[in-house]
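Commentary on secondary and tertiary structure
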Amino acid sequence: VMFNNTIVKIPGESYVGGLTTSDLGRPNFELALEQHQAYIEALKKCGTTVRVLPCNIEFPDSTFVEDTAVLTPNFAVISNPGALSRNGEIHEMEPVLKSFYKSIYKIKAPGTLDGGDILQIEDHFYIGISARTNHDGALQLKTILELEGYKGTVVELEKFFHLKTGIAYLGNQTIVVAGEFIDHPEFNQYQKIVVPPEEEYAANCIRVNDFVIIPAGYPITKQKINTAGFHTIELEMSEFRKQDGGLSCLSLRF
Ligand code: CIR
């Protein structure tokens, strides 16, 4: 798949007080801004036109725009984020998506869904059931996808925060997998790049056109991805990792 566009949102000063389950400490806001800027530059290097949205300090986690939508070339699905403090993020995203799409669906309560739980592999979407995405939300998305000619499979998460915390699709039927997804039956049909436990954070990487963007500091995974024939761009992600965020979370790509 070729991505022409990406959407990102600058972190606001409230970012450092957002949701997290990690015990890596409080993010450094200035450093988060620098890392975010480098992320934008990387998306440009990959050939995408980046829509940079201003920060909104009312929503500390709103820099993690991936959770607000699921995008395909022909339609958008606005999610219904499962964390109460994040749910309102969709209201600022809706007009932005309307500027790109005519066809927009919405996940509706009591269904909840975070975009981070959705992984697309060619015409097949995997939908993770997590603390954020419930069965109702997952089934709503599956119904929409099937109506539009895609396949949808629901995957129950055991430990990972979001589905894409532990799995990424690089193209050419090749996935990057960690933890519970290494031997998961749903993913056995793909070529696997297995991430060792000490590098688990590197499983959240993103293929954007000619490059795979990976977090800096995970040499084993980087080597494996390079050996599989992909060019990599490494980005410092320390200040996003502290808030449970990864590379995929910081953008919508379409
Ligand atoms: C949250 O708890 O919602 C944020 N601190 C992290 C969201 C990460 N998003 C993602 O994995 N797609």
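Here we summarise the structure given alongside this text. Keep in mind the model is a prediction, meaning the values are calculated, not measured.

The sheet built from three strands is open, its strands ordered 3-4-5 with mixed pairing. Strand pairing shows two members of the sheet lacking a second neighbour, strand 3 (69-71) and strand 5 (104-106), which therefore form its edges. Each neighbouring strand pair of the sheet contributes to a mean axis angle of 20°, computed without reference to strand direction. Sheet topology note: the strand 3/strand 4 (residues 76-78) ladder contains three bridges and is antiparallel. Note that in strand 4 the partner of Ala69 across the bridge is Ile78. Each of strand 3, strand 4 and strand 5 touches helix 4 (residues 135-147); the most contacted strand, strand 5, lies at about 155° to it.

The next subject is the pairing of strand 9 (residues 167-171). Along strand 9, five of the five residues are buried, which leaves the element largely enclosed by surrounding structure. Pairing of strand 9 with strand 10 (residues 174-177) involves four bridges; the strand directions are antiparallel. Counted as the bridge partner of Ala168 is Val176 from strand 10. Taking the residues that link successive antiparallel strands as the turn, the strand 9-strand 10 hairpin has two residues, and the phi of Asn172 there is positive, at about 50°.

All right, on to the packing of aromatic side chains then. As enumerated under the stated definition, the model contains 13 aromatic pairs in all. Ring geometry for Phe64 against Phe240: centres 6.3 Å apart, planes inclined by 85°, an arrangement best described as edge-to-face. A residue pair is termed long-range when its members are at least 10 positions apart, and Phe64 in the loop between strand 2 (49-53) and strand 3 and Phe240 in helix 6 (residues 238-241) qualify at 176 residues. As far as the burial class goes, Phe64 and Phe240 line up, both buried. Residues Phe125 and Tyr150 carry aromatic rings whose centres are separated by 5.2 Å and whose planes lie at 85° to one another, so their mutual orientation is edge-to-face.

Around the ligand lies a shell of 14 residues, among which Leu19, Arg86, His162, Gln243 and Cys249 are the nearest. Between a nitrogen atom of the ligand and a side-chain N or O atom of Asp67, the distance comes to 2.9 Å. For the ligand, an oxygen atom lies 2.7 Å from a polar atom in the side chain of His162. When the ligand is considered free in solution it has 350 Å² of accessible area, and contact with the protein chains removes 99% of it. For the shell around the ligand, the class distribution of residues is four nonpolar, four polar and six charged.

Rules and cut-offs
Residues numbered from 1 in each chain as written. Predicted model: local features only at pLDDT ≥ 70, side-chain atom pairs only at ≥ 80, totals over all residues. Heavy atoms only, no water. Pairing = 2+ DSSP bridges. Helix = DSSP H or I, 4+ residues; strand = E, 2+ residues; numbered from the N terminus. Axes fitted to C-alpha atoms, helices over the stretch in contact; angles between N-to-C directions. Contact = heavy atoms within 4.5 Å. Buried < 20%, exposed > 50% of the residue type's maximum accessible area, 1.4 Å probe, protein only. Phe/Tyr/Trp six-rings, centres within 6.5 Å; stacked < 30°, edge-to-face > 60°. Near = heavy atom within 4 Å. Polar contact = N/O pair within 3.5 Å; in protein donor to acceptor, adjacent residues only side chain to side chain. Areas by Shrake-Rupley, 256 points an atom, 1.4 Å probe, with all protein chains shown as cover. Nonpolar A, V, L, I, M, F, W, Y, C, P; charged D, E, K, R; others polar.

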